[in-house]
Amino acid sequence: MRRLVILGAGYAGVRAAQTLTARLEEMEVVLIDRHLGQEILTEMYKVAAGHREPARVEIPLHRLLPHHRNLRIVQADIERLDWRRREVLTSRAAIAYESLLVCLGATPEYYAVPGAREHALTLQYLDSAVRVRRRLERLARRGGGHVVIVGGGLTGVELASEIASGHPGRFHLTLAQAAASILPDEEPRLAAYAERVLERVDIDVRRGESVRRVGEGGVQLSSGALLPADLVLWTGGVRGNPLPQEAGLPVDGRGRLRVLGTLEVDGCPGIFAAGDVAAVPGPDGHALPPTAQLAVQEGFRAARNIVRVMRGQEPQPLQVRILGMAASLGRGRGIARLGHLSLQGRPGQIVHEPALLRYLYGIGGLGLLRREGYLSWTSPPAATPQAKSDGASRLLGH
Ligand SMILES: Cc1cc2nc3c(=O)[nH]c(=O)nc-3n(C[C@H](O)[C@H](O)[C@H](O)COP(=O)(O)OP(=O)(O)OC[C@H]3O[C@@H](n4cnc5c(N)ncnc54)[C@H](O)[C@@H]3O)c2cc1C
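Small disclaimer: the values here were computed from a predicted structure and weren't measured.

1. Some thoughts on unusual backbone geometry
Here is step 1: Phi is positive for Arg86, close to 55°, though the residue is something other than glycine.
Here is step 2: Within the secondary structure, Arg86 sits in the loop between β6 (78-82) and β7 (87-90).
Here is step 3: Residue class for Arg86 comes out partly exposed when judged on the 17 C-beta atoms lying within 10 Å of it.
Here is step 4: Here Asp202, not a glycine, exhibits a phi torsion of approximately 65°, which is positive.
Here is step 5: Checked against the element boundaries, Asp202 lands in the loop between α7 (188-200) and β14 (204-207).
Here is step 6: Since 12 C-beta atoms lie within 10 Å of it, Asp202 is described here as exposed.

Set out below in structure tokens:
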């Protein structure tokens, strides 16, 4: 049977697998990831602050992608891409393919700041969010301490707010932002509101100074100022997963695969990419931002184009739909932008809250919401280790 391999079961990879299995019955679709569940990264700050249990933000793949005869899910570490020989080398086996879709996501961007990689923790995946949670709990048990969050984008702002509301009065929190304002990509009115909310819960916002180095005891800013820190959390940005660059595929300055508007990797027929791993050109020609909503759209378009190419049709460019933005600021407050409508306070939080439900509904409709327990009055079932190992044996046996 002809084989198509998808690397990575995140937002882009899951959407692509779902689209492809429904449309390409003549091909085997192999989805490879190191986890047997999709980690819902947009919920990681809640895990870190202790507001959500880790098992609730890892949705087993067998629940997201049930009953596809031509789908095989392989749990393995992807170690190398040998695209000239059309082979993926994993910790379990070498897997040959006819067509490849790379959805490997991102990795933190440290901008070569000395000590950042060694001393700061991130929220990039569930295991790192759990590590942050444990460190915060340990510090809280000892009476608190100083926590510096580097990066005043959405992730940094949400994380700072969530820690402040999860551990009230326990920590001295500082948000260090290199740009002149927090949330620089958002409407100034919403950014100013967010800053007021942060300051009201005693988060010290340091703007306009970049981080020069990170050490064991704290952070040094470009002004020379030293911020003492028992814990440094890095939310300063992301770059593409390193595997494509290591394989010699074409990447931009941030390690993201260079792709055309059709999601085909530039100059590499048969290889497509979607999500944070790819620099997808937007309507203005600049790369689109790394967001879950775009990763889903890109995964879908890449999958549709793979089918079109296999059927001898022209691939079509991605038509981007930016649905808006929503961020939680803790304690029932938030900010949101929906088209021309900007919301703050409680209305902003109300828009933000059902984001996970909207995602699950988009992937699997009411059936998935029911399987995940969101349509019952009792508390939703967790992805217990038992459920995961059942899933593993069933899916790997495909
Ligand atoms: C803390 C946080 C909060 C965020 N909040 C928001 C938000 O509110 N709204 C929003 O739109 N976006 C948000 N984002 C961004 C959003 O999560 C990403 O844009 C989205 O996850 C990208 O999807 P993806 O499919 O490209 O990558 P991912 O979802 O990261 O999936 C990549 C997959 O590849 C797998 N993988 C990677 N390397 C290997 C390997 N070597 N071997 C095997 N498997 C591998 C990973 O296990 C993972 O499953 C947030 C991100 C973070 C980290």
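2. Here we look at the site of the ligand
Here is step 1: Taken together, 32 residues lie near the ligand, and Gly8, Gly10, Gly105, Gly275 and Thr291 sit nearest.
Here is step 2: Elements with a contribution of two residues or more to the shell around the ligand: α1 (11-23), α2 (44-49) and α9 (292-310).
Here is step 3: Among the domains, domain 1 (2-108 + 238-322 + 365-392) and domain 2 (116-234) are the pair contributing at least three residues each to the shell around the ligand.

3. Observations regarding the nonpolar core
Here is a general trend for soluble globular proteins: nonpolar side chains tend to be buried in one another's company.
Here is step 1: Membership of the largest hydrophobic core comes to 115 residues, with the highest contact counts inside it found for Ala16 and Ala274.
Here is step 2: In terms of residues, this core owes the most to one element, α9, which gives 7 residues.
Here is step 3: Residues lining this core come from more than one domain, with at least three contributed by each of domain 1 (2-108 + 238-322 + 365-392) and domain 2 (116-234).
Here is step 4: Setting aside residues up to four positions removed in sequence, Ala16 forms contacts with Ile6, Leu101, Cys103, Ala274, Gly299, Phe300, Ala302 and Ala303.

4. Examining α7
Here is step 1: Between the first and last C-alpha of α7 there are 18 Å, a value that for 13 residues agrees with the 18 Å anticipated at 1.5 Å per step.
Here is step 2: Within α7 the residues assigned to the buried category are Leu190, Tyr193, Ala194, Glu195, Val197 and Leu198.
Here is step 3: On its buried face, α7 is in contact with α6 (154-166), β13 (171-177), β14, β24 (334-338) and β25 (341-345).
Here is step 4: Backbone geometry just after α7 places Asp202 at a positive phi near 65°.

5. Examining the packing of α1 against α9
A pair of packed helices can be characterised by two numbers: the angle between their axes and the separation between those axes.
Here is step 1: Close contact between α1 and α9 brings their axes to 7 Å; oriented N to C, the two are set at 30°. Considering their axes alone, α1 and α9 lie roughly parallel with respect to each other. Note on packing geometry: the crossing formed by α1 with α9 is right-handed. The residues of α9 that touch α1, namely those facing Tyr11, Ala12, Gly13, Arg15, Ala16, Thr19, Leu20 and Arg23, are Ala292, Ala295, Val296, Glu298, Gly299, Phe300, Ala302, Ala303, Arg304, Ile306 and Val307.
Here is step 2: A class-by-class count of the residues in the contact of α1 with α9 yields 12 nonpolar, 3 polar and 4 charged.

6. As for the domain arrangement of the chain
Here is step 1: As assigned here, the chain comprises domain 1 (2-108 + 238-322 + 365-392) and domain 2 (116-234).
Here is step 2: Just the C-alpha atoms count here: the centres of domain 1 and domain 2 sit 30 Å apart.
Here is step 3: In this complex, domain 1 contributes 14 residues to the contact, which on the side of domain 2 involves 17 residues.
Here is step 4: Where the side of domain 1 that touches domain 2 is concerned, the elements lending two or more residues are α2 and β10 (106-108).
Here is step 5: The biggest single contributor to the side of domain 1 that touches domain 2 is α2, with 6 residues.
Here is step 6: When its residues are assigned to classes, the side of domain 1 that touches domain 2 shows 8 nonpolar, 3 polar and 3 charged.

7. Things to note about the sheet that holds strand β8 (residues 94-96)
Here is step 1: One open sheet holds the 3 strands; their spatial order is β6-β7-β8, and the pairing between them is antiparallel. Looking at strand neighbours, the two that pair on one side only are β6 and β8, the edges of this open sheet. Along the sheet, successive strands turn relative to each other by an average axial angle of 20°, direction set aside.
Here is step 2: As defined by bridge partners, β6 adjoins β7 across 4 bridges and the pair is classed as antiparallel.

8. Some words on the environment of Leu231
Here is step 1: Checked against the element boundaries, Leu231 lands in strand β18 (residues 231-234).
Here is step 2: Separated by 71 residues in sequence, Leu231 and Ala302 have C-alpha atoms that sit 40 Å apart.
Here is step 3: Those residues in contact with Leu231 that lie beyond four places of it in its chain are Arg135, Leu139, Gly145 and Val147.

9. Thoughts on the sheet that holds β24
In a beta sheet, neighbouring strands pair by backbone hydrogen bonds and run either parallel or antiparallel.
Here is step 1: Taken together, 3 strands build an open sheet; the order of strands is β23-β24-β25 and the sheet is antiparallel. Edge strands, defined here as strands with exactly one partner in the open sheet, are β23 (325-328) and β25. Each neighbouring strand pair of the sheet contributes to a mean axis angle of 5°, computed without reference to strand direction.
Here is step 2: By the bridge criterion, 4 bridges tie β23 to β24 in an arrangement that is antiparallel. Counterpart to Ala327 in the pairing with β24 is Ile335.

10. Brief notes about α1
Here is step 1: For α1, spanning 13 residues, the distance from its first C-alpha to its last is 19 Å, which sits close to the expected 18 Å at 1.5 Å a residue.
Here is step 2: In terms of burial, α1 is largely enclosed, as 10 of its 13 residues are buried.
Here is step 3: Taken residue by residue, α1 has Tyr11, Ala12, Gly13, Val14, Arg15, Ala16, Ala17, Gln18, Leu20 and Thr21 as its buried positions.

11. Describing the pairing of strand β12 (residues 145-150)
Here is step 1: Across 6 bridges, β12 lies against β13 in parallel orientation. If you follow His146 over to β13, its bridge partner there is His172.
Here is step 2: Handedness of the β-α-β unit built from β12, α6 and β13 comes out right-handed.
Here is step 3: The pairing of β12 with β18 spans 4 bridges and is parallel. Residue pairing across strands places Val147 opposite Leu231, the latter belonging to β18.

Conventions used here
Throughout this document, residue positions are counted from 1 along each chain, in the order its sequence is written. Given that the model is predicted, a residue must reach a pLDDT of at least 70 before its local features are reported, and side-chain atom pairs must reach 80 or more before they are shown or counted; all residues, however, enter totals for whole chains, interfaces and linings. Helical segments are the DSSP runs of H or I of at least four residues, strand segments are the runs of E of at least two, and each set is numbered from the N terminus. Each residue is classified by how many other C-beta atoms fall within 10 Å of its C-beta atom, where C-beta atoms are placed from the backbone; a count of 20 or more means buried, 12 or fewer means exposed, and values in between mean partly exposed. Nearness is defined per residue: the C-beta atom, placed using the backbone, must lie within 6 Å of the molecule or strand. Segmentation into domains, and thus their bounds, comes from an automatic or database assignment. Each nonpolar core comprises buried Ala, Val, Leu, Ile, Met, Phe, Trp, Tyr and Cys residues, the members being joined through C-beta atoms within 7 Å. Residues are scored as being in contact if the C-beta atoms we place from backbone atoms lie within 7 Å. By this rule, a helix spans an expected 1.5 Å times one less than how many residues it contains. In this analysis, axes come from line fits to C-alpha atoms, helices being fitted only over the stretch in contact, and the angle between any two N-to-C directions falls in the range 0 to 180 degrees. By definition in this entry, angles of less than 35 degrees are roughly parallel, angles greater than 145 are roughly antiparallel, angles of 65 to 115 are roughly perpendicular, and the rest are oblique. A crossing counts as left-handed when the near helix is turned anticlockwise from the far one by less than a right angle, and as right-handed when that turn is clockwise. Residue classes follow a fixed rule: Ala, Val, Leu, Ile, Met, Phe, Trp, Tyr, Cys and Pro count as nonpolar, while Asp, Glu, Lys and Arg count as charged, and any other residue, Gly among them, counts as polar. Note: two strands are recorded as paired if DSSP finds a minimum of 2 bridges between them. A clockwise path from the first strand over the helix to the second, with the strands pointing away from the viewer, defines a right-handed crossover.

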